[in-house]
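Residue-level structural notes
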Amino acid sequence: MAYAIHITKKQDWSESEPKITQEEWHSLQEKGVLESDPNYPSDLYAKQGVVFYYYFDGDIVCKPPDDAYIQKIKDIANYIFKDIFGV
């Protein structure tokens, strides 16, 4: 079964705010947390192995995630939320 994981700042996924900013997304790439994929014309996509990450409407979406990438997803969430939660 295919599924996607969303990293979001929203209390409920259906809300429109708060959003992860494009600046935060780009800082993930600048700091080497995610690598941009030169095969995509947009800088809103990243890829590691067979897993794709993309920035969409204030969220970071990962698909198809597997067990090997769950820790990476946690690392990304920790990076995004460190200023909010001090982690």
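In short, a report on the structure. (Residues numbered from 1 in each chain as written. Predicted model: local features only at pLDDT ≥ 70, side-chain atom pairs only at ≥ 80, totals over all residues. Heavy atoms only, no water.)

All right, on to the nonpolar core then. Residues Ile7, Trp25, Leu28, Tyr53, Ile60, Ile76 and Ile80 are the most contacted members of the largest nonpolar core, which totals 19 residues. Secondary-structure elements contributing two or more residues to this core are α1 (22–30), β3 (51–56), β4 (59–63) and α2 (67–85). Broken down by element, the residue count for this core peaks at 7 residues, all from α2. Ignoring anything within four residues of it in the chain, the contact list for Tyr53 reads Trp25, Leu34, Leu44, Tyr45, Ala46, Gln48, Val61, Cys62, Tyr69, Lys72, Ile73 and Ile76. (Core = buried A, V, L, I, M, F, W, Y, C linked by side-chain atoms within 4.5 Å. Buried < 20%, exposed > 50% of the residue type's maximum accessible area, 1.4 Å probe, protein only. Helix = DSSP H or I, 4+ residues; strand = E, 2+ residues; numbered from the N terminus. Contact = heavy atoms within 4.5 Å.)

If you walk through the whole model with that rule in mind, you get 2 aromatic pairs. Seen from their ring centres, Trp25 and Tyr55 are 6.3 Å apart, and the 40 degrees between their planes marks the pair as tilted. Placement of the pair is Trp25 in helix α1 and Tyr55 in strand β3, with a sequence separation of 30 residues. Each member of the pair, Trp25 as well as Tyr55, is classed as buried. Taken together, a centroid distance of 5.7 Å and an interplanar angle of 35 degrees make the contact between Tyr45 and Tyr54 tilted. (Phe/Tyr/Trp six-rings, centres within 6.5 Å; stacked < 30°, edge-to-face > 60°.)

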